Amino acid sequence: MSQIEKATRFAALHQKGDPVVLYNIWDAAGAKALAENGAPAVATGSLSMAAAHGYADGESMPLDFVLRIVARICETVSVPVTVDFEGGYATAPSEVGENVRKVLRAGAVGINFEDRVVGGSGLHPVSVQVNRIHAIKTVAAEEGVPLFINARTDLFLGRDPETHRDQLPEALERAAAYSEAGACGFFVPGLTELDLIAHCVEHTHLPVNVMMRGQSQSLKEIATLNVARISYGPGPFFKFLTDLKAAEAGLRA
């Protein structure tokens, strides 16, 4: 498939009630293993990729290094690749757009793009994040690739679940604004209560992406909420490290 065909195929995988499941990877070996196993697409995880190379999460890993890994992943597999691109490695819309251009030229067809102020505190104001998404959409059009922009809100991740219901109105406000700016999906990591996920799905036109956390939920019950995408974030990387340590400890035992 050409890059445009991959982008089109990736977007088509987002079906409400029959979600695309992305078991996040961090290198070309993991991408190849999943693709050979029948995965229709692969997704990187920012924390996983950074930690695998000795860096902290939060854009600590040099952008050039990230792009080299993304390019290698895209060269290794024939399925669509989407990249967890955090906050775009910049604040200004024009700079974010140019960084995304590099991701596109590395071969990716999708990105996660978060509204958290990386290296700062809180979230970008809606108007600021809208301008950033619009800049990404403009660059994608210039490159001729229908990039899947998975707009992530950090209203829920790392916050007390007791506050999540009160955060829903702002989340939906952001979803509407991001959609108008050109986002293709809405990512709500940290939102785990089933009724709140269902409410979010019902009140946004965008395909909703949730992140699986631990073993408290099943893919089947999440799919019944009409989400269109399920991802695993750093979970696979942490499991890999646990298995690695257990195997080594077994040798010494």
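Our structure's up above, just so we're on the same page.
Residues numbered from 1 in each chain as written. Predicted model: local features only at pLDDT ≥ 70, side-chain atom pairs only at ≥ 80, totals over all residues. Heavy atoms only, no water.

A. A look at the overall build of the protein. A tally of helices and strands in the protein yields 10 helices and eight strands. Expected size for 253 residues packed as a compact globule is a radius of gyration near 18 Å; at 17 Å, the protein falls within 12% of this value. Within the span of the protein, comprising 253 residues, buried residues form 49% of the whole. If you take every contact in the protein between residues at least 6 apart in sequence, the share linking residues at least 24 apart comes to 67%. (Helix = DSSP H or I, 4+ residues; strand = E, 2+ residues; numbered from the N terminus. Rg over C-alpha atoms; globule rule 2.2 N^0.38 Å. Buried < 20%, exposed > 50% of the residue type's maximum accessible area, 1.4 Å probe, protein only. Contact = heavy atoms within 4.5 Å.)

B. Focus on the packing of aromatic side chains. Evaluated as defined, the whole model comprises eight aromatic pairs. Measuring from ring centre to ring centre gives 5.2 Å for Y23 and Y232, while their planes differ by 65°; the resulting arrangement is edge-to-face. Here Y23, found in the loop between strand 1 (20–22) and helix 2 (28–36), pairs with Y232, found in the loop between strand 8 (229–231) and helix 10 (235–252); they are 209 residues apart in sequence, far enough to count as distant. Y23 gets classed as partly exposed once you look at its relative accessible area, which sits at 37%. (Phe/Tyr/Trp six-rings, centres within 6.5 Å; stacked < 30°, edge-to-face > 60°.)

C. Quick look at the sheet that holds strand 3 (residues 81–84). Pairing within the open sheet is parallel, and its eight strands lie in the order 1-8-7-6-5-4-3-2. Of all strands in the sheet, those bounded by a partner on one side alone are strand 1 and strand 2 (42–43). (Pairing = 2+ DSSP bridges.)

D. Quick peek at helix 7 (residues 164–181). Its 18 residues give helix 7 an end-to-end C-alpha distance of 25 Å, which sits within 8% of 26 Å, the value for a rise of 1.5 Å per residue. The largest bend along helix 7 measures about 30° and falls at E170. Every buried residue belonging to helix 7 is among H164, Q167, L168, A171, L172, R174, A175, A177, Y178 and A181, and all of these are buried. Count one or two residues on from helix 7 and you reach G182, which has phi positive near 125°. (Expected span 1.5 Å × (residues − 1). Bend = angle between axes of the 7 residues up to and from the residue.)

E. Highlighting the pattern of salt bridges. Using the criterion set out here, one finds 13 salt bridges in the structure. In this structure, K239 and D243 form a salt bridge, with 2.9 Å as the shortest nitrogen-oxygen distance. Residue K239 and its partner D243 are both found in helix 10; the two are separated by four residues, about one turn of the helix. Three or more residues are tied together by salt bridges with common partners; here these are E98, R101, R105, E142 and E143. (Salt bridge = Lys/Arg side-chain N within 4 Å of Asp/Glu carboxyl O.)

F. Looking closely at the environment of A33. Tracing the chain through its elements places A33 in helix 2. On the accessibility criterion, A33 (43% relative accessible area) is partly exposed. For the pair A33 and S179, spaced 146 residues apart in sequence, the C-alpha separation works out to 33 Å.

G. Seen up close, the packing of helix 5 (residues 93–105) against helix 6 (residues 126–143). Their axes nearest at 8 Å, the elements helix 5 and helix 6 cross at an angle of 40°. Here helix 5 lies oblique to helix 6, going by the angle between them. Our pair here, helix 5 against helix 6, has a crossing hand that is right-handed. Between helix 5 and helix 6, the residues in contact are P93, V96, G97, E98, V100, R101, L104 and R105 and N131, R132, A135, I136, V139, A140, E142 and E143, respectively. Residue composition of the contact of helix 5 with helix 6, by class: eight nonpolar, two polar and six charged. (Axes fitted to C-alpha atoms, helices over the stretch in contact; angles between N-to-C directions. Parallel < 35°, antiparallel > 145°, perpendicular 65-115°, else oblique. Left-handed = near helix turned anticlockwise from the far one by under 90°. Nonpolar A, V, L, I, M, F, W, Y, C, P; charged D, E, K, R; others polar.)

H. Structural detail: the packing of helix 7 against helix 8 (residues 194–202). At their nearest, the axes of helix 7 and helix 8 sit 11 Å apart, and the two run at 15° to each other. Looking at the two axes, helix 7 sits roughly parallel to helix 8. The chirality of how helix 7 crosses helix 8 is right-handed. Between helix 7, through H164, R165, L168 and L172, and helix 8, the contact on the second element is made entirely by D195, L196, H199 and C200. Taken together, the residues of the contact of helix 7 with helix 8 sort by class into four nonpolar, two polar and two charged.

Don't take any of this as a statement about function, it's just geometry.
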